[in-house]
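Reading the structure
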Amino acid sequence: MLIGNGSPLLSAFSLITLLEFFCLLLVDFCINNLAAIRKLESSARGRTHFVESCGLPISTYFSALKLLWLLDNVEGLNEAAKKGDAVFGTIDTWLIWNLTGGAEKGLHVTDISNASRTMLMNLKTLDWDKSTLDTLGIPAKILPKSISNSEIIGNIAKGWPITGIPISGCLGDQHAAMVGQSCQKGEAKSTYGTGAFILLNTGEEVIKSNHGLLSTVAYKLR
């Protein structure tokens, strides 16, 4: 998250892959003490409370609960967010914001592939889900504008070696692998990196799994 002067509020939860597991354990411990989350998990739908809208279970793996922890535990942040003095984004948001001007009118955006992994985006509208935001108490105005994966987002601002070059695409890593490998409807791909992830392209249809598989946006090309 960023505060009004453009400075990052806190360091990332995990800066290197080696720390990710331990950070998730720590965050899980903190977040499981949130009354709102305990209430949702004890409801009839349990951890699948938001699956209908975002395709994802309640989990500390996704951005929403990390954002909730920040809002609940960082002094003054909740008030700043309500007043519009703090904003939130994923790593692509941070990069684009800096490249397009930062505190001097940088663009506050994210692409739908990264947005779909926050647990806050509606898979059908491809926009932030109002019901989810209301339930979690997250102000919509702190979230970045959601854009497609292939469009002119903006130009690189002054101060960078390649000033004026247009930024014309943004895509999450596994999603980018699907595009790079030309994974069409009905085809699946497995990419090996930090982990091994198998993704199946279901076209424009959201297929609900009865076996714990996740639904997410693959890409949107204009």
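Residues numbered from 1 in each chain as written. Predicted model: local features only at pLDDT ≥ 70, side-chain atom pairs only at ≥ 80, totals over all residues. Heavy atoms only, no water.

- If you check an unreviewed UniProt entry, the chain appears there as glycerol kinase from Datura stramonium.
- The UniProt entry for the chain carries this comment under Pathway (unreviewed entry): "Polyol metabolism; glycerol degradation via glycerol kinase pathway; sn-glycerol 3-phosphate from glycerol: step 1/1."
- Listed under Sequence similarities (unreviewed entry) in UniProt, the entry text for the chain is "Belongs to the FGGY kinase family." (UniProt positions renumbered as here; feature names shortened; annotations may be inferred.)

**Notes on the pattern of salt bridges**
- Per the counting criterion, the structure on display carries 2 salt bridges.
- Between Glu52 and Lys208 there is a salt bridge, with the nearest N and O atoms lying 3.0 Å from each other. Remark: Lys208 occurs in the segment after strand S8 (196-200) and Glu52 occurs in helix H3 (residues 51-54); sequence separation between them is 156 residues.
- With a relative accessible area of 49%, Glu52 lands in the partly exposed category.
- Using a relative accessible area of 60% as the deciding quantity, one classes Lys208 as exposed.
- Between Lys130 and Asp134 there is a salt bridge, with the nearest N and O atoms lying 2.7 Å from each other. (Salt bridge = Lys/Arg side-chain N within 4 Å of Asp/Glu carboxyl O. Helix = DSSP H or I, 4+ residues; strand = E, 2+ residues; numbered from the N terminus. Buried < 20%, exposed > 50% of the residue type's maximum accessible area, 1.4 Å probe, protein only.)

**Notes on helix H6 (residues 91-99)**
- Taken as a whole, H6 has its buried residues at Asp92, Thr93, Ile96 and Trp97. An end-on view of H6 places all buried positions within 130° of arc, on one side of the element.
- Immediately downstream of H6, the backbone of Gly101 shows phi near 135°, a positive value. (Arc of directions from axis to C-beta.)

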